[in-house]
Amino acid sequence: MVEALGVAVVGFGWMGRVHTQAYARVRHHFPGLALRPELVTVAEEVPGRAEEAAAQFGFASTTRDWRAVVADPRIRAVSITAPNFLHREIGVAMAGAGKHIWIEKPVGLTAEDAGAVAAAVAGAGVQGAVGFNYRNAPAVEAAGALITSGEIGTVTHARIRLFSDYAAHPDGALTWRYERERGGSGVLGDLASHGVDLARFLLGDLAALTADTAVFVPERARPTGATAGHSRAAGGELGPVENEDYVSCLLRFASGARGVLEACRVSVGEQNSYGFEVHGTRGAVFWDFRRMNELGVSRGTAYQDQPVSTVYVGPGDGEFAAFQPGAANAMGYDDLKVIEAYRFLHSVAEGRPHGATLDDAVRAAAALDAMARSAESGAWVNVPAS
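What comes next is a walk through the structure.

What counts and how
- Residues numbered from 1 in each chain as written.
- Predicted model: local features only at pLDDT ≥ 70, side-chain atom pairs only at ≥ 80, totals over all residues.
- Heavy atoms only, no water.
- Phe/Tyr/Trp six-rings, centres within 6.5 Å; stacked < 30°, edge-to-face > 60°.
- Helix = DSSP H or I, 4+ residues; strand = E, 2+ residues; numbered from the N terminus.
- Buried < 20%, exposed > 50% of the residue type's maximum accessible area, 1.4 Å probe, protein only.
- Lys NZ or Arg CZ within 6 Å of the ring centre and 35° of its normal.
- Core = buried A, V, L, I, M, F, W, Y, C linked by side-chain atoms within 4.5 Å.
- Contact = heavy atoms within 4.5 Å.
- Axes fitted to C-alpha atoms, helices over the stretch in contact; angles between N-to-C directions.
- Parallel < 35°, antiparallel > 145°, perpendicular 65-115°, else oblique.
- Nonpolar A, V, L, I, M, F, W, Y, C, P; charged D, E, K, R; others polar.
- Expected span 1.5 Å × (residues − 1).
- Right-handed = clockwise from strand over helix to strand, strands pointing away.
- Pairing = 2+ DSSP bridges.
- Salt bridge = Lys/Arg side-chain N within 4 Å of Asp/Glu carboxyl O.

**Side note on the packing of aromatic side chains**
Right, on to step 1. Per the counting criterion, the structure on display carries 15 aromatic pairs.
Right, on to step 2. When the centroid spacing of 5.5 Å and the interplanar angle of 85 degrees are considered together, the rings of Tyr-23 and Trp-102 count as edge-to-face. Taken as a pair, Tyr-23 in helix H1 (residues 14-29) and Trp-102 in strand S5 (residues 100-103) lie far apart in primary sequence, 79 residues in all.
Right, on to step 3. Geometrically, the ring pair formed by Tyr-134 and Phe-289 is edge-to-face, given 5.1 Å between the ring centres and 80 degrees between the ring planes. With Tyr-134 in the loop between strand S6 (128-130) and helix H6 (138-149) and Phe-289 in the loop between strand S14 (284-288) and strand S15 (294-298), this pair connects stretches of sequence that are 155 residues apart.
Right, on to step 4. Judged by relative accessible area, Tyr-134 falls into the buried class, the value being 8%.
Right, on to step 5. Ring pairing ties together the aromatic residues Trp-14, Tyr-134, Tyr-274, Phe-276, Trp-287, Phe-289 and Tyr-333, which thus form one cluster.
Right, on to step 6. One residue, Arg-252, lies across the ring of Trp-380, its end atom 3.7 Å from the ring centre.

What follows is the structure, encoded as structure tokens:
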């Protein structure tokens, strides 16, 4: 028998919409799931936005105050897609009320914030999932399996890049994302957090790093009204950008491998240019998010002049079979969030974690804090093992 699970979405910007769509689709792709998510409440402080969400997606109720979700006995699981500065308060409150949480990264502004949410989840005995969606790509999981099997030998070095142009326009509005108090770090929390998670997922824990950061668009116009996504605000009062546009980082892994991580939110000509190259003593594996369902793989015994083959993922790789019947049929970004929803709900049903957890968020946040300290001091910084 399939059990109904009352869910709420707190914060209905773009990511809140993505979570809601994932709940709506999840049982179509995973019919064996023991839980059926029911959309109970959407919480959003921008006037009218929650009502629009309810009308489109069928939420039973709306509220402008997320605290109403804490007290609602109908709700057993909550998606937290509000701005970063609210993550800690909302996450701790929801877990304390016995509600399972699916929270977007970077889970607050600091490693301390992420640790507080993780402690609340552990203390309440609820499940906590984190939105590190790129690790859910079947090609990324296939790459991880290939690396673990030793097919490319011992990993020697890797490069991870996350370049985007979403903040490149000089008229981009000075929203909370660019403020230290509400957004925390800039591209560190937004993009480099994904890079750290991919690095750990594929290659294991980090041991130490050294980083450099920069702000390339130092001022932006303040918006005059509510914003969603990456709005523009030409002509408004200018204010300072308080967090970084760019980070480059040298990595040392606990395994002895070396790495380079680079992320930028103002890269003109780059749209979601995310990916990695992992090199081993006998081969290499390459992935580009823009060709999400392909891997470049070099393996064999030639070493020098060894060719690279394009491999199309298919059934048998990650959760690909839940979406497409054969290799080279495309999956997209929203499908990764459906996988995330499935693993979150599967965790709730079984009472044990599947997919990215709050522990992964804490580890990533510790690395981001280390990057910030290194950029300030110019020195190598050790990354805590736990």
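Continuing now.
**Looking at the nonpolar core**
What tends to happen in soluble globular proteins is that the nonpolar side chains get buried as a cluster.
Right, on to step 1. Ranked by size, the top nonpolar core spans 123 residues in total, and within it Met-94, Val-278, Val-285, Trp-287, Leu-358 and Met-371 carry the most contacts.
Right, on to step 2. Excluding residues that lie within four positions of it along the chain, Trp-287 makes contacts with Tyr-134, Ala-137, Ala-139, Val-140, Arg-161, Tyr-274, Gly-275, Phe-276, Met-292, Glu-294 and Leu-295.

**Quick look at the side chain of Glu-277**
Right, on to step 1. Structurally, the position occupied by Glu-277 is in strand S13 (residues 273-280).
Right, on to step 2. Assessed through its relative accessible area of 16%, Glu-277 is described here as buried.
Right, on to step 3. Residue contacts for Glu-277: discarding those within four places in its chain leaves His-157, Ala-158, Arg-159, Arg-161, Val-285 and Phe-286.

**What about the packing of H6 against helix H8 (residues 187-203)?**
Right, on to step 1. H8 packs onto H6 with a crossing angle of 40 degrees between their chain directions and a minimal axis gap of 9 Å. Looking at the two axes, H6 sits oblique to H8. For the pair formed by H6 and H8, the contact residues are Val-140, Glu-141, Ala-143, Gly-144 and Ile-147 on the first element and Leu-198, Phe-201, Leu-202 and Leu-203 on the second.
Right, on to step 2. Residues belonging to the contact of H6 with H8 are distributed by class as follows: seven nonpolar, one polar and one charged.

**Quick word on the environment of Ser-193**
Right, on to step 1. Among the structural elements, Ser-193 can be located in helix H8.
Right, on to step 2. Dropping the residues within four chain positions of it, Ser-193 is found in contact with Lys-105, Phe-132, Leu-188, Ala-364 and Leu-368.

**Quick word on H6**
Right, on to step 1. The end-to-end C-alpha distance of H6 is 16 Å, a good match for the 16 Å that twelve residues give at a rise of 1.5 Å each.
Right, on to step 2. Among the residues making up H6, those that are buried are Pro-138, Ala-139, Val-140, Ala-142, Ala-143, Gly-144, Leu-146 and Ile-147.
Right, on to step 3. Where the residues of H6 are buried, they touch strand S7 (155-163), H8, S13, S14, S15 and helix H9 (333-350).
Right, on to step 4. Backbone geometry just downstream of H6 places Gly-150 in the positive-phi region, at approximately 85 degrees.

**Some thoughts on unusual backbone geometry**
Right, on to step 1. In this chain, Lys-105 is followed by Pro-106 through a cis amide linkage whose omega measures 10 degrees.
Right, on to step 2. Mapped onto the elements of the fold, Pro-106 is located in the loop between S5 and helix H5 (111-124).
Right, on to step 3. Despite not being glycine, Ala-328 shows a phi value in the positive range, around 75 degrees.
Right, on to step 4. Owing to a relative accessible area of 51%, Ala-328 belongs among the exposed residues under this scheme.

**A word on the pairing of strand S1 (residues 3-10)**
Right, on to step 1. Burial of S1 is extensive: six of the eight residues sit out of reach of the surface.
Right, on to step 2. Between the parallel pair S1 and strand S2 (residues 35-43), the chain is carried across by H1, and the sense of this crossover is right-handed.
Right, on to step 3. Pairing of S1 with strand S4 (residues 77-80) involves four bridges; the strand directions are parallel. Across the sheet, the residue bridging to Val-10 is Ile-80, located in S4.

**Overview of the sheet that holds strand S8 (residues 206-214)**
Right, on to step 1. Pairing in this open sheet of nine strands is mixed, and the strands run S16-S15-S14-S13-S7-S12-S11-S8-S17 from one edge to the other. Of all the strands in the sheet, just strand S16 (309-312) and strand S17 (381-382) have a single pairing partner and so form its edges.
Right, on to step 2. Sheet topology places S8 next to S17; two bridges connect them, and they run antiparallel. Bridging from a neighbouring strand, Ala-208 pairs with Asn-382 of S17.
Right, on to step 3. Contacts from H8 reach S7, S8, strand S11 (246-253), strand S12 (258-264) and S13, with the element oriented near 155 degrees to S12.
Right, on to step 4. Helix H10 (residues 358-377) rests against S8, S11, S12 and S17 of the sheet, and its axis sits at about 55 degrees to S8.

**Here's the deal with the pattern of salt bridges**
Right, on to step 1. Counted by the stated rule, this structure contains 31 salt bridges.
Right, on to step 2. Here Arg-200 ties to Asp-205 by a salt bridge, and the two come within 3.1 Å at their closest N and O atoms.
Right, on to step 3. Shared partners join several salt bridges into a network, and the residues in it are Arg-135, Asp-197, Arg-200, Asp-205, Asp-359, Asp-360 and Arg-363.

**Observations concerning the environment of Arg-258**
Right, on to step 1. Among the secondary structure elements, Arg-258 is positioned in strand S12.
Right, on to step 2. Along the primary structure Arg-258 and Gly-6 are separated by 252 residues, whereas in three dimensions their C-alpha atoms are 45 Å apart.
Right, on to step 3. With sequence-adjacent residues up to four places away left out, Arg-258 is seen in contact with Thr-156, His-157, Ala-158, Leu-251, Arg-252 and Phe-253.

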